[in-house]
Amino acid sequence: GKVPASNILASAPSDKNLDAWRELGCRTTHCNLEVVHRSTLVFLATKPHILPGVLEEIRPAVGPHHIVVSLVAGVTIQTLQRLLPPWTKVLRIMPNLPCVVQAGAMVFSRGSNAGDEEAALLKSLLSSCGLCEEVPESYIDIHTGLSGSGVAYVYLFAEALAEGAVKMGMPGALASRIAAQTLLGAAKMLLETGEHPAKLRGDVCTPGGTTIYALHQLEKGALRATVMDAVEAATNRACDMAKD
Amino acid sequence: AGVLAAHKITASSPDTDLPTVSGLRKMGVNFTVSNKDTVKSSDVLFLAVKPPIIPFILEEVGPDIEARHIVVSCAAGVTISSIEKKLSAFCPTPKVIRCMTNTPVIVREGATVYATGTHADVEDGKLLEQLMASVGFCTEVEEDLIDAVTGLSGSGPAYAFTALDALADGGVKMGLPRRLAVRLGAQALLGAAKMLLESEQHPGQLKDNVCSPGGATIHALHFLESGGFRSLLINAVEASCIRTRELQHLADQEKISPAAIKKTLLDKVKLESPSLSVASASKVSLFTHKSKKN
């Protein structure tokens, strides 16, 4: 709610993706150049292999007043700056899916010409979608492994929780809703108390109780290491893909 | 450990060839081969024999137990009620305290818990606590927790020795001389334990404090997690606790083999320094028993 919808102009080759923008009250076009001519802050949200073409297209219209923010996975600031005029203020951001429900986790880095003002503007705009932090560019791939892909790990965990409940006799739909709420609640407590997760975990474990029995099963399955492996694999893959 | 003067301690063992005997003698402890004499001259009796021997020793000294005596058993898996039952034949209200300690009492870093029996008073418990606190940490617990304590801190030193042996191997593999590797490994665990005991922080937080991003430690920890390190430790504590309960169950059914009795040696001895003591009204004695039957 920081920017009126009428101030937002979105462009795409076909109408397919533009309906969603129109429904929000944004203006739409099929012309990328028009976006650049009429806007100061320009977000690039294409698939990686499309981006070079788009940059070539808009390059002539990009001026010193523009702020170009790329959401394109795997395309480095170095590449962006190479394909745009040398004075361009460039920032690179990696969001995650829950931005769409204003509970996202985003990290961004600035290019050589982007200053504190641009960083502050981006942060202030995007904080309305969730957590938004500036980081060194090297963290962006890690963020992919942790949070970009991380959302999928959580979906997997939620599904498994629910299946466990179904096995024990609970109807699936109810189990799924409770599973999701459990994750939401636990995450909220983590964020709001600021306590170490190990401490919060210990707080739930009464001696000889149900929780510690369950946790033992998780440890036997080496869940921690598996999760670490997952974050590592996704991060490495992000790095590899960026090199292509 | 300076709580009790050595001459107020009496130790007995029928077998005087045991190495612990000469150790006790050197400390200035009164020594006798007669368990009965020990009982007569003491107020607090530590039964330091293996669990299967307990019934036999109780039979032997039972007649001499008086109301003033506090009988302390450190035998794993031997319940207060089994001791009280045996002694009630001789004394209507025997004071029994059951405790579980561990080997590092030898270096005054023991971990001891105790549970008081039906007729033991609060002061009796406090007396034991004072004695055992001189060799480490000591606290009272409900008797039903003692098996868990056995699994954790009773057996715990063995887990630590195993870990230290392996850590030293790691050091040697990477080029350290063995002695240095052992020394450094032990110091690392000692230091970590001390930090934890002195800190308000959760061990998870302390672990994080050591792990710089992308650094050596976090790489190493990943290996530990992959190997199920945590679950192995949980399994160990559980196994030790369950086995303790099993042994107790067997003992309750009085399934004691004569062979086990024949092979028994002195189990654990509470070693206390003979230095200047706080004057104490009670006398402490240490029992051992080796049956010469069969």
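Starting afresh in each chain, residues are numbered from 1 along the sequence in its written order. Here every chain gets a letter starting at A, and every ligand a number starting at 1, in the order they are written. Under the rules for a predicted model, residues below a pLDDT of 70 receive no local features and side-chain atom pairs below 80 are neither given nor counted, while totals for whole chains, interfaces and linings still include all residues. Just so you know, side-chain values use all the structure's heavy atoms and leave hydrogens and water out.

Comments concerning the interface of chain A and chain B
For the record, the criterion: Contacts are residue-level and defined by heavy atoms, with any inter-residue pair within 4.5 Å sufficient. Take the accessible area each of two parts loses on contact, using a 1.4 Å probe, and add the two losses: that sum is the buried area. Think of a salt bridge as a Lys or Arg side-chain nitrogen and an Asp or Glu carboxyl oxygen that are within 4 Å of each other.
Taken residue by residue, the interface counts 13 residues in chain A and 14 residues in chain B. Here chain A and chain B share an interface that buries about 1200 Å² over both sides, 63% of which is from carbon and sulfur atoms. Area buried by chain A at its contact with chain B is led by A:H196, A:H216 and A:M228, which between them contribute 41% of it. Seen at the junction of chain A and chain B, the total is zero salt bridges.

A short note on the UniProt feature "domain: Pyrroline-5-carboxylate reductase dimerisation" (unreviewed entry) in chain B
Test applied: UniProt positions are given in the numbering used here, feature names are shortened, and annotations may be inferred rather than shown by experiment. Runs of H or I in DSSP of at least four residues are treated as helices and runs of E of at least two as strands, each being numbered from the N terminus.
Taken from the UniProt record, the annotation "domain: Pyrroline-5-carboxylate reductase dimerisation" (unreviewed entry) applies to residues 143-247 of chain B. Split by type, residues 143-247 of chain B is 82% helix and 0% strand. Its first and last C-alpha atoms lie 16 Å apart.

Focus on the side chain of B:T150
Residues and elements named next belong to chain B. Here is the rule we go by: A 3.5 Å cut-off defines polar contacts: any pair of N or O atoms within that distance qualifies, except that in protein one atom must be a possible hydrogen donor and the other a possible acceptor, and neighbouring residues in sequence count only when both atoms are side-chain atoms.
Within the element layout of this structure, T150 appears in helix α6 (residues 146-154). Here the side chain of T150 touches I146 through a polar contact of 2.8 Å, landing on its backbone oxygen. When neighbours within four sequence positions are excluded, T150 is seen to be in contact with M100, S155, S240 and T244.

Considering unusual backbone geometry
All names here are of chain A. Not every positive phi belongs to a glycine, and Q102 is a case in point at roughly 55°. For Q102, the position within the fold is in the loop between β5 (89-94) and β6 (104-110). If you check the backbone angles, A222 has positive phi at about 50° while not being a glycine. Tracing the backbone through its elements, the reader meets A222 in the loop between α10 (210-220) and α11 (223-243).

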